[in-house]
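Here's the letter readout for the chains.
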Amino acid sequence: MPNTLNMVQAINQALMEEMNSDETIVVYGEDVGVEGGVFRVTADLQKKYGEKRVFDTPLAESAIVGTAVGMAINGLRPIVEMQFSGFSYPAFNQIISHVARMRNRSRGKYNLPMVIRAPYGGGIRALEHHSESTEALYAQIPGLKVVIPSTPYDAKGLLISAIRDNDPVLFWEPKRIYRAFKQEVPEGTYEIPIGKAKIIQSGEDITVVSWGAMVRDVQKAIEMVKVKDISVELIDLRTIAPIDRESFVESVKKTGRILVVHEAPKTLGVGAEIISIVNEKAFLYLEAPPTRLTGFDTTFPLPRGEQHYIPTPERIAKTIEDVVRY
């Protein structure tokens, strides 16, 4: 039977169900045990599975990830949490030098079935290092998978796939929509394939690609442009690495236009990669310049500036209209 859950509840349910079925899974990180995480995503896990399988760590991200490498090599399936994705930088050396390379370094002898979870993105009026959108940093590193869900249903299915994956997955959770809405989420396990985008709605005039919290803002923008008879095909990328090229290339061949919307800074962002792929694979189908609407090339602002940084539904709707009318 499906339950109506928000994203926090759906992720918590995925962790519970997978820990029930696999005793090699351990969950640890900053405040994940006693407190259940800063956003309570891991609430009640320690009560149910004990301190040996769910435990708190010091504020030492490099140590958190480094110990997970050793655990994964030796038969466990660690799921570690960074309090915020912006706190992952002290672990950057471990992630690049060891997490991403172990299978290649050992010529396939060792793999690392581990998940690095973190609340991600802005929009909650947080402090410095609490609001970054860092997906492009990690997506460029061979050996890493980067997943960003946009709904409770997807969050559960994608996390289960990430936990069962025999290679490392960064699972970035858009905290702006942790409790923004609820959705029917089935009890019991189900998997959503990593590397497969979702066409949320079909359209004829323009392809819009987005992911994470921005998907809801794009959906609001689509409602605004409906009155102007603009038909939008919306693609939720879901997985940043590996990227589902076919989904948006085939869509652009139909619509002739593409807009990429993301919260991260513009320069060298994922949107640039998507547009490059479109230029390579569908250039002759284009009827307007491929366009990006993104955050700015600045450090994410403190709370009073958030509404100026994150693309709003109004800005998205205006950009959709501009591309279609080009």
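Refer to the structure above for everything that follows.
Below you will find a few notes about this structure. (Residues numbered from 1 in each chain as written. Predicted model: local features only at pLDDT ≥ 70, side-chain atom pairs only at ≥ 80, totals over all residues. Heavy atoms only, no water.)

## Description of the sheet that holds strand β6 (residues 145–147)
As a reminder, the rule being used: Pairing between strands requires that DSSP locate at least two bridges from one strand to the other. Strands here mean DSSP runs of E at least two residues long; helices mean DSSP runs of H or I at least four residues long; both are numbered from the N terminus. To get an axis, a line is fitted to the C-alpha atoms, and for a helix only the part in contact is used. The angle between two axes follows their N-to-C directions and goes from 0 to 180 degrees. In this description, contact between two residues means that some pair of their heavy atoms is separated by no more than 4.5 Å.
Pairing within the open sheet is mixed, and its 7 strands lie in the order β3-β2-β4-β5-β7-β6-β12. Two strands in the sheet have a free side with no partner beyond their single neighbour: β3 (54–56) and β12 (239–241). With strand direction ignored, the average angle separating the axes of adjacent strands in the sheet is 20°. With 3 bridges joining them, β6 and strand β7 (residues 169–174) adopt parallel strand pairing. The partner of Val-147 across the bridge, within β7, is Phe-171. The sheet contacts of helix α7 (residues 152–164) involve β2 (25–29), β4 (77–81), β5 (115–120), β6 and β7, and relative to β7 the element is tilted by about 160°.

## Quick notes on a nonpolar patch on the surface
Condition: Within this analysis, patches are made of residues with over 30% relative accessible area and no salt bridge. Like charges are joined at 9 Å or less; nonpolar side chains (Val, Leu, Ile, Met, Phe, Trp, Tyr) at 5 Å or less. All accessible-area figures derive from a Shrake-Rupley calculation using a 1.4 Å probe, and residue coverage is judged against the displayed protein chains alone. When a carboxyl oxygen of Asp or Glu lies within 4 Å of a side-chain nitrogen of Lys or Arg, that pair is called a salt bridge. Accessible area is worked out with a 1.4 Å probe on protein chains only. A residue is then buried under 20% of its type maximum, exposed over 50%, and partly exposed in between.
Together, Phe-283, Leu-284 and Tyr-285 give the surface a local cluster of nonpolar side chains, amounting to about 400 Å² of exposed area. Looking at the element boundaries, Leu-284 is found in the loop between α10 (270–282) and β14 (291–295). For Leu-284, a relative accessible area of 81% puts it in the exposed group.

## Describing the sheet that holds strand β11 (residues 232–236)
The 5 strands lie next to each other as β9-β11-β10-β13-β14, forming an open sheet whose pairing is mixed. The outermost strands of the open sheet, each flanked by one partner alone, are β9 (198–201) and β14. Averaged over neighbouring strand pairs, the angle between their axes works out to 25° when direction is ignored. As judged from the 3 bridges shared by strand β10 (residues 206–210) and strand β13 (residues 258–265), these two strands associate in the parallel manner. If you follow Val-208 over to β13, its bridge partner there is Leu-259.

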